[in-house]
Amino acid sequence: MIRRIAVVVVAVVGTIGLTMLLPAEGPAPATPTLLPDPVVLGASAEASTWYCTASSDASATPTTHVVTIGNPTGRALSAAVSGYGSTAGAAPTTTTVQLPARTSVNVDRAGLGGDATGAVMVEASGGGIVVSHRLVNGRTSDEVPCATAPSGAWYFSAVNTQLGNSARLWLFNPFAADAAVDITVAYADGVRIPRAFSGLVIPARTARLVDLGATVQRRDQFAIAVNARAGQFTAELVQHVEGAGLRVDPGMSRTSRRIMFADSFGAANVTERLVVFNPGRVAATATVSVRPDGADSAAYPEPFTLDVPARRYVELNLESETRLSPTGSRTLVVDTDLPGGLVATRVVAATKAPNGLGVEAGLANSAAGTVAAGTWVVPRIDPAAPGRSFVRIVNTSTDSIAVVRLIVAAAGKDLDAVPGGKVEVPAAGAITIDVGAAVPADTQGVLTVASSAPIVVERRAAASNSGDFWTLSAVPVASTVAPLGELPGIPRASATTQPSATPPTVTTK
Amino acid sequence: MESPPSDHADDDPAPELTPDPIDDLVDTETTDTETTDTGAPDPVVGAGVPAVVAVLVTRDPGSWFVDALEGLAAQEYPNLSVLVIDAGSSEDPTPIVAAALPSAFVKRVLRHASFAEAANEALGAVEGATFLLFCHDDSQLAPGAVQGLVSTAFRENAGIVGAKLVDWDRPDRLRSMGAKVDRFGATAPMVEPGELDQSQHDATTEVAVVSTAAMLVRADLFEDLGGFSTDIDGICEDLDLCWRARVAGARTVVTPAGVARHRELARLGDPDVVERRRAVRHQARIVLAVYSPVHLLWVLPLAALGSALDLLLNVVTGRFRQAGDIVSAWTWNIGHLPRTLRIRRRVAASRRSADTEVRSTQIGGSVRLRSYLGSARSMGERRLPAALAAARDLPGHWQEGSGPAAALAVVGLVVFTLIAGRNLFGDGLSVVREFAPVSGVSALLRGWWNGWSSVGLGHNGPVPPNDPMTWLATIVTFGSTALARTLAVLAAFVIAPIGSWRVFRGVASVRVRLVAALATLVVAVPFDAAGEGRLQALAVYAAMPWLLGRIFRMTGLAPFDHGVHRSPARQGLGLGLTAAAAFVVAPIVVVVLVGLGLAVMVGSVLGGRARAAGAVGVGTLSAVATLAVVQLPTTIALLGRPDRWWLLVGSSSPLPKVDATMLLRLSSGTTSGGWLLMAVPLAALVPLLVAGRWRLWWAAQCWIVALGALSVVVVVARWAPDAAAPALPLLFAPAAVALALAAALGVAAFESEVVGGTFGWRQLVALFGLAAVALSVIPALASAGSGRFDLPDGDVVAAVSSVGGRDASSYRTIWLGAPDDLPLRGRVILPGLAMGITTGMEPSVENLQPPAPGDGELALASVVRATLNGESARLGRQLSAFAVSHVVVVTDPTAAGAEPTPEVANALATLGAQLDLREVSVAPGLGVYESAIAGAIRRRVPTPAAVKDGAQSPTGTAATDPEIGRPGFRQGDAPTWWRGPVSAGESVVLSMQGRDWRLGTHEGEVSPKPFQRWAQRFAVTRGSTATLSVEGSTGHRLLLIVQGLLILVTLAAARGRTPVRPGRRREPASVPAAGDPPPTTGDDT
């Protein structure tokens, strides 16, 4: 009997024991590395492709469109630069450009032949290069890195079609099949897809220009979501504000749960507006944290809590917020509880050049930073007088000092951008470095910012003709990309985060 | 007794005719064709277009006859004459003809002639016609039909052209578009009669036979063939004529350019003989007459075997009339053999085409067998009650005896399996996961013999052993690969229960064996495996009872110690051979075998039977060695390849999340059944509670096996969750079968130790066990409801079959997706993403066990990986060097549009962003991308001196780019032999790995040079027709011969019997013998 009992116990207990040993969770799902856009591929990559979508517009004031291809690597490369027009079926015009090691090359869109306007695609014979393009319209100008990945959706949070302003959306389809898109317009009080924006076809291998102001008239703020019915494409928004300046908005092709604007600043005659757009179908709560430079985390201002309805946007005018210092550099971090994430844009306007900020009277926006990285590349850096060309570095590590080396590749050489070649950024701290003198006169360079800890890098510069300024995100190197980690004083919003009972001063239009 | 019908070919008396046929050619006004008043043209005189004589055969026509004539009258063909042949009508149809078609001629055959006899009158009555158009009196040609048929005959260079036949009353319904034929003469119509005509079949198609209702025949061909064979009257004369025409080198096509309404009421057949019987015997007669002697040598035995099987199935299922048809067909043909031999001589004289050419137009397999199995699907439910009723009425001694019971059990198993899988016959087996299709069976066999395979990017070396087995399986199904696949899946449902039955053969009652078979059948494992497309799991499940039974016998413990005695090492031979059979499909069976041996050894040691444990250890080692020897080429290859564990595991995917209910139900969750699936495990507890002696011992052993198998699941799930692991049904299979055997031991205990005892808890427990066994049947019956084990209807291969346009043998496809979703065995190239390569767009069974990756595959994986990492926007360009024309991303193995995993979604987005790939919209569960610039596997490129190895030529054109080049080689009679023109100064690039490829030209043999470090290039200096071929390795063939010898030797050694020598019994008396047992364990001690 004892043996029988033993056998039964072994069978029963063994079975139950085995069921209890089973893990509660299955195998962790693999999470593919979703590279940000744009991104610099490693030098070992066999090719890299860049899409410069926005272009000069024949219907507006004559505008110059220049593509800058920077090769900070130590090997010579070549690139096929193709200009795409708006005529369906027309073959792109292609020029091969040699890219000597540690140089950057400018290509004027008008010189590519074919249509004088239209998108540009750069196909390099290797990785490690970075491409940006800038539009110059008289005394106003703006520059953004080109995109490295097409997408089926693009979001633009801040569009203005007030009288005298223009908002022109460029859509670029470099593929062999036509793409069709819908443009959803989010107003403060509703959402619609105007008939003119429904089912827009972007013929294969063409760029298409959509004048948003022709359909959405006299609005000082709205957001748009461009969604593909078929195909993929790239998009950029060219915004010209009368009397303020020109800005090129690269938009966002993906939503994110954490967004960082590394180079926020307050100054007299400067307005800074943050627009948070929720393109999803579920309402979200966003928290905007402000981290003034040099302040202890305990002394950070109370975060702003924004309720963002589904498919709508919320604006936050920072210069009018009393809890913020009116001057000084700071970092903005937007977090959301929405699993799908949000998009955001920061728009900066200066009515008069403030001192020492590298900002002229003008208009700019900065793209949202959604990742940290160990190495960043600033596409183009020109020689400039002191106080007119800056690089902003934010250390996203909470416990490591970032030892940052700044190297300018110009005229075939690697040059230190700062004395000694290195700077240190404290953990969770930020610095702003004047790099105007790092480049020899009569040349231009590519700035590589390599850090021992994850950082976020932005660039701010005034135009050489003193007519405008721009702020742009540097481009991370793919192999060094990391998620934006936890930051002191900035708790990541969770699904249980409740909206603030007493919302701050928020302008919802 | 029926007199044999005459054949026109021999010298039998001609039908009774009027004295002078010419005199009988009448028009409506006069009986003299030469002096027609109407000025009707001479039917044999051309008028700028080929002369066509419509030969309308009639006998006692109905009212529709006028419509038929008017159809001919309405034809606009300028050189058409009509000859109406009356085959013995009771009333002269001439007045009707005269009224409807004044220009027609009427010829009356006074005796009751068959259609063939009547139609053959045209041979003597018509001269100078280019074509004869045979019509029935109940078929009406649509306007323009004659023009369409004639133009098709010229355009297609066809000897016989058939019209598209539609229903007389409902012309939107199809009646016939010709038929294909199998090698046994059974026809398979191209369209389903009554099918709605939506122009879906509107294409001129080569067929085996077209209907005589509207059949255009080249007049000279008809004359050469001697007209219709008159010995096969009323049915199949059309097939006979078309087949003989094909042998004579003339094609038969059917065309929608000519349409005819057909009433199918012509009274020309022999009403005394039912149509099916005539069809069967006439088809057999045709087969006997038309094949060459060599071809007949192997067709005839196959036909005899098929007929025997057909006969057996019909007898078993009570269809005695059909059985009689088969008997009649053979007897009739034996009786008519002399006449058939005369026809054979005439066919031989006219032969212009080899039988291999004729065979190439035929369909594989047996149409009749397929039809039977298809009908079994719908008939199954009706047959099961009948079978059960028959069982109930069996005499009592049948139910007591083991032999009849076994036969009944087998019949029941087969019937249940056919019902449960009935829809797999009609709808086909979806290509899900391991249910790969089979293509090119003969190529598989050649590859196996030559040691060369085109899987991946091609390789030399041993081919997986499933190739010859696949070939053998298709032999059994008469060449039907689809049927072979279906039967391979269903076989597991029969083999495993039979194995469980045999475990207790001679040691337990029929009831115990029945419960063992039943419990083995109803566990969730086979249903899960079939529903998920897990062939390996089915193979392991099928083998499991056979392996366990042999291991049990190795112990020499009661009750498995009776009969002959062999040493454990010798018993291991049989065990190894059994495992080797499963190894063909599931290499992991070797691991399972070792695991089973270890489990039984552990159990034996714990039970104090160290000697038995030792015997099992020796036997298992012997079995593993045997398996290694009989699979010698695979063993050698396996030991030499670095990814041997990957091949053994048989999966690239980690286990899914396993919860307690899955473990307790031994189910992966595909089969519904809820808690009832726990019935067998619960019943398996019963013998532990109530059994004694050897029953308790073996029940405990079964539980140890089961717990061991479940432990593997738990260990993998907990400690190696990310490692590639076999599918859950495979891991559950040992536990499921072991517990099924334990449940049967509960019945044995019920018989021996419960029945007859005083009522107590034992009786209650035993009754509970019996109830559990009864309940366990319910989920199985429910699973049988779908008729396809819930296997999805759709699959990705069917979905991509609509993508075509390229020569499938010249381009490759790469498949991307989650490792468990691909319809082939992929290799993981990124976390959560696997890649496989196929030639063309259809995976094959070869792709389930791909060879170790070579340099080419590694390079291709690197290219794809880099692209998915965002390092290229022109993947098509890079794939062209690998001859990859398509990339298929599988988001859902059933092509039903399930949400893709993040990794697959990332791949879709990346591929969608490639500048030189075009997305092809196919199905929701698929992303298909086509490259416009793929180079062919065998391509010609210019000027080797101008092209450096591995050079990229971004600006090159297709004609000058070495990675694109120009295709131009056509396959010979084997995939190892290609032929095509090569110009002077050209090179032939072969995007294929592997050695031993040679290019033969007029100048001699050209040796290859490496191209891109993995492919090959042959430089040619003078233009010629070149032959690209690969020769097999002699060493490899020797190895196969050695393997065959080893298998024979092992079989002989395993079957050799050693009588029991009482003095050599290994086990001491303490180990009980059946029937007289001192207890070895349990409470009896």
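Further up the page is the structure itself.
Report follows, based on the coordinates.

1. Considerations on the sheet that holds strand β20 (residues 284–292) of chain A
Residues and elements named next belong to chain A.
Here is step 1: Spatially, four strands are ordered β18-β23-β20-β21 in an open sheet, and the strand pairing comes out antiparallel. Since the sheet does not close on itself, it has two edges, and those belong to β18 (258–266) and β21 (304–308), each with one partner. Direction aside, the axes of adjacent strands within the sheet are offset by 25° on average.
Here is step 2: Inspection of the sheet shows β20 paired to β21 by five bridges, in the antiparallel sense. Note that in β21 the partner of V288 across the bridge is F304.

2. A few points about the packing of aromatic side chains
Any aromatic ring pair is given by two values, namely how distant the centres are and how the planes are angled relative to each other.
Here is step 1: Overall, the coordinates contain 21 aromatic pairs over all chains when judged by the stated rule.
Here is step 2: Here the aromatic rings of Y155(A) and F277(A) are separated by 6.4 Å at their centres, their planes lie at 75°, and the arrangement is edge-to-face. One end of the pair, Y155(A), is in strand β9 (residues 153–159); the other, F277(A), is in strand β19 (residues 270–278), and 122 residues separate them in sequence.
Here is step 3: Judged by its relative accessible area of 13%, Y155(A) falls in the buried class.
Here is step 4: Judged by its relative accessible area of 2%, F277(A) falls in the buried class.
Here is step 5: Three or more aromatic residues link up through ring pairs in this structure, and these residues are F115(B), F134(B), F222(B) and F228(B).
Here is step 6: Positioned over the ring face of Y187(A) is R219(A), at 4.0 Å from the centre of the ring.

3. Some remarks on the nonpolar core
Residues and elements named next belong to chain B.
Here is step 1: Residues F504, L548, F552, L655, W703 and L741 are the most contacted members of the largest nonpolar core, which totals 135 residues.
Here is step 2: Sort the elements by how many residues they give to this core and helix α32 (residues 728–754) lands first, with 20 residues.
Here is step 3: If we ignore the near neighbours within four places in the chain, the residues touching L548 are L596, V705, V737, A738 and L741.
Here is step 4: In terms of nonpolar packing, the next biggest core, distinct from the first, is built from 65 residues, F105, F115, A208 and L302 among them.

4. What about the pairing of strand β10 (residues 166–173) of chain A?
On any regular strand, side chains alternate: one points to one face of the sheet, the next to the other face.
Here is step 1: In terms of residue burial, β10(A) counts as a mostly covered element, since eight of its eight residues are buried.
Here is step 2: A two-sided burial pattern is seen for β10(A), the buried positions comprising S166(A), R168(A), W170(A) and F172(A) on one face and A167(A), L169(A), L171(A) and N173(A) on the other.

5. Overview of a nonpolar patch on the surface
All names here are of chain A.
Here is step 1: Taken together, M1, I5, V9, V12, V13, I16 and M20 make up a surface patch of nonpolar side chains, about 650 Å² in accessible area.
Here is step 2: Tracing the backbone through its elements, the reader meets I16 in helix α1 (residues 2–21).
Here is step 3: In this structure I16 comes out as partly exposed when scored by relative accessible area, which is 44%.

6. Brief notes about the state of the cysteines
Here is step 1: Inspection of every chain in the model, using the stated rule, returns one disulfide over all chains.
Here is step 2: For C52(A), the disulfide goes to C146(A), at an S-S distance of 2.0 Å. Taking the torsion about the S-S bond as the criterion, the C52(A) to C146(A) disulfide, at about 105°, is right-handed. Of this pair, C52(A) sits in strand β1 (residues 48–52) while C146(A) sits in the loop between β8 (140–145) and β9; the two residues are 94 residues apart in sequence, bridging distant segments of the chain.
Here is step 3: Residue classification places C52(A) among the buried positions, given a relative accessible area of 0%.
Here is step 4: Here C135(B) is not cross-linked by a disulfide; its sulfur's nearest cysteine counterpart is in C242(B), at 15 Å.
Here is step 5: Free of any disulfide, C242(B) has its nearest cysteine sulfur in C236(B), 11 Å distant.
Here is step 6: For C242(B), a relative accessible area of 1% gives the class buried.

7. Considering the sheet that holds strand β6 (residues 120–124) of chain A
Residues and elements named next belong to chain A.
Here is step 1: Read from one edge to the other, the open sheet built from four strands follows the order β1-β6-β3-β4, with strand pairing classed as antiparallel. Either end of the sheet is taken by a strand with one partner, and the two such strands are β1 and β4 (93–99). Between one strand and the next, the sheet's axes are offset by a mean angle of 20°, whatever the strand orientation.
Here is step 2: In the sheet, β1 pairs with β6 via five bridges, with the strands oriented antiparallel. Bridge pairing in β6 links W50 to V122.

8. Let's talk about helix α22 (residues 524–532) of chain B
All names here are of chain B.
Here is step 1: The buried fraction of α22 amounts to nine of the nine residues, a majority that puts the element mostly inside the structure.
Here is step 2: A524, V525, P526, F527, D528, A529, A530, G531 and E532 are the residues of α22 that are buried.
Here is step 3: After α22 finishes, the residue G533 shows a positive phi value of roughly 80°.

9. Quick word on helix α12 (residues 337–350) of chain B
Residues and elements named next belong to chain B.
Here is step 1: Taking 1.5 Å as the rise per residue, α12 with 14 residues should run 20 Å; its terminal C-alpha atoms sit 20 Å apart, in good agreement.
Here is step 2: Of the residues making up α12, those classed as buried are R339, T340, I343, R344, V347 and S350. Projected down its long axis, α12 carries its buried residues within an arc of 145°, all on one side. Looking at α12, the residues exposed on the side facing more than 90 degrees away from the buried face are R345, A348 and A349.

10. A short note on the interface of chain B and chain A
Here is step 1: Residue-level contacts link 47 residues of chain B with 41 residues of chain A.
Here is step 2: When chain B packs against chain A, close to 3,400 Å² is buried across both sides, 64% of that on carbon and sulfur atoms.
Here is step 3: Applying the counting rule to chain B against chain A returns one salt bridge.
Here is step 4: With a closest N to O distance of 2.2 Å, E123(A) and R874(B) form a salt bridge.
Here is step 5: For the pair chain B and chain A, the number of links is eight residue pairs in polar contact (both at pLDDT 80 or more).
Here is step 6: At the level of elements, α29 (660–665), α30 (679–690), α31 (693–719) and α37 (902–912) of chain B are the ones that each hand at least two residues to the side of chain B that touches chain A.
Here is step 7: A total of nine residues in the side of chain B that touches chain A trace back to one element, the largest contributor, which is α31(B).
Here is step 8: In the side of chain B that touches chain A, the residues fall into 27 nonpolar, 11 polar and nine charged.

11. As for the side chain of Q1043(B)
Residue and element names in this part refer to chain B.
Here is step 1: With respect to the secondary-structure elements, Q1043 resides in helix α38 (residues 1034–1055).
Here is step 2: Within the local environment of Q1043, its side chain forms a polar contact with the backbone oxygen of V630, the two atoms lying 2.7 Å apart.
Here is step 3: Aside from chain neighbours lying at most four places away, what touches Q1043 is V630, Q631, L632 and P633.

12. A few points about the packing of α31(B) against α32(B)
Residue and element names in this part refer to chain B.
Here is step 1: Running from N to C, α31 and α32 point in directions that differ by 165°, and their axes come no closer than 8 Å. Our classification of the angle between α31 and α32 gives roughly antiparallel. Viewed along their axes, α31 and α32 form a crossing whose handedness is left-handed.
Here is step 2: Split by residue class, the contact of α31 with α32 holds 23 nonpolar, one polar and three charged.

13. Some details on the pattern of salt bridges
Here is step 1: Tallied over the entire structure, the rule returns 40 salt bridges over all chains.
Here is step 2: Among the ionic pairs, E272(A) bridges to R346(A), the shortest N-O distance being 2.3 Å. Pair noted here: E272(A) is in strand β19 and R346(A) is in strand β24 (residues 343–350), with a separation of 74 residues, a long-range link.
Here is step 3: Between D820(B) and R433(B) there is a salt bridge, with the nearest N and O atoms lying 3.4 Å from each other. Of the two residues, D820(B) sits in the loop between β15 (812–817) and β16 (827–830) while R433(B) sits in the loop between α17 (422–427) and α18 (441–450), which places them 387 residues apart along the sequence.
Here is step 4: Residue class for D820(B) comes out partly exposed when judged on its relative accessible area of 23%.
Here is step 5: Under the relative-accessibility criterion, R433(B) is labelled buried at 16%.
Here is step 6: Among the charged side chains, a salt-bridge network with shared partners connects E156(B), E206(B), R246(B) and R251(B).

14. Quick notes on the environment of V1006(B)
Residues and elements named next belong to chain B.
Here is step 1: Looking at the element boundaries, V1006 is found in strand β27 (residues 1004–1006).
Here is step 2: Residue classification places V1006 among the buried residues on the basis of a relative accessible area of 15%.
Here is step 3: Between the alpha carbons of V1006 and A1019 there is a distance of 7.3 Å; along the sequence they are 13 residues apart.
Here is step 4: When neighbours within four sequence positions are excluded, V1006 is seen to be in contact with R998, L999, T1001, F1018 and A1019.

15. Considerations on the side chain of S500(B)
Residues and elements named next belong to chain B.
Here is step 1: Among the structural elements, S500 can be located in helix α20 (residues 481–503).
Here is step 2: The exposure class assigned to S500 is buried, which follows from its relative accessible area of 0%.
Here is step 3: Other than its neighbours up to four places away in sequence, S500 contacts A516, A517, T520, P545, V737 and L741.

Here is what the cut-offs are and how they apply
- Residues numbered from 1 in each chain as written.
- Chains lettered and ligands numbered in written order.
- Predicted model: local features only at pLDDT ≥ 70, side-chain atom pairs only at ≥ 80, totals over all residues.
- Heavy atoms only, no water.
- Pairing = 2+ DSSP bridges.
- Helix = DSSP H or I, 4+ residues; strand = E, 2+ residues; numbered from the N terminus.
- Axes fitted to C-alpha atoms, helices over the stretch in contact; angles between N-to-C directions.
- Phe/Tyr/Trp six-rings, centres within 6.5 Å; stacked < 30°, edge-to-face > 60°.
- Buried < 20%, exposed > 50% of the residue type's maximum accessible area, 1.4 Å probe, protein only.
- Lys NZ or Arg CZ within 6 Å of the ring centre and 35° of its normal.
- Core = buried A, V, L, I, M, F, W, Y, C linked by side-chain atoms within 4.5 Å.
- Contact = heavy atoms within 4.5 Å.
- Patch = residues over 30% accessible without salt bridge, like charges linked within 9 Å, V, L, I, M, F, W, Y side chains within 5 Å.
- Areas by Shrake-Rupley, 256 points an atom, 1.4 Å probe, with all protein chains shown as cover.
- Salt bridge = Lys/Arg side-chain N within 4 Å of Asp/Glu carboxyl O.
- Disulfide = S-S within 2.5 Å.
- Expected span 1.5 Å × (residues − 1).
- Arc of directions from axis to C-beta.
- Buried area = accessible area lost by both parts, 1.4 Å probe.
- Polar contact = N/O pair within 3.5 Å; in protein donor to acceptor, adjacent residues only side chain to side chain.
- Nonpolar A, V, L, I, M, F, W, Y, C, P; charged D, E, K, R; others polar.
- Parallel < 35°, antiparallel > 145°, perpendicular 65-115°, else oblique.
- Left-handed = near helix turned anticlockwise from the far one by under 90°.

Note that all results are geometric; they support no functional claim without further evidence.
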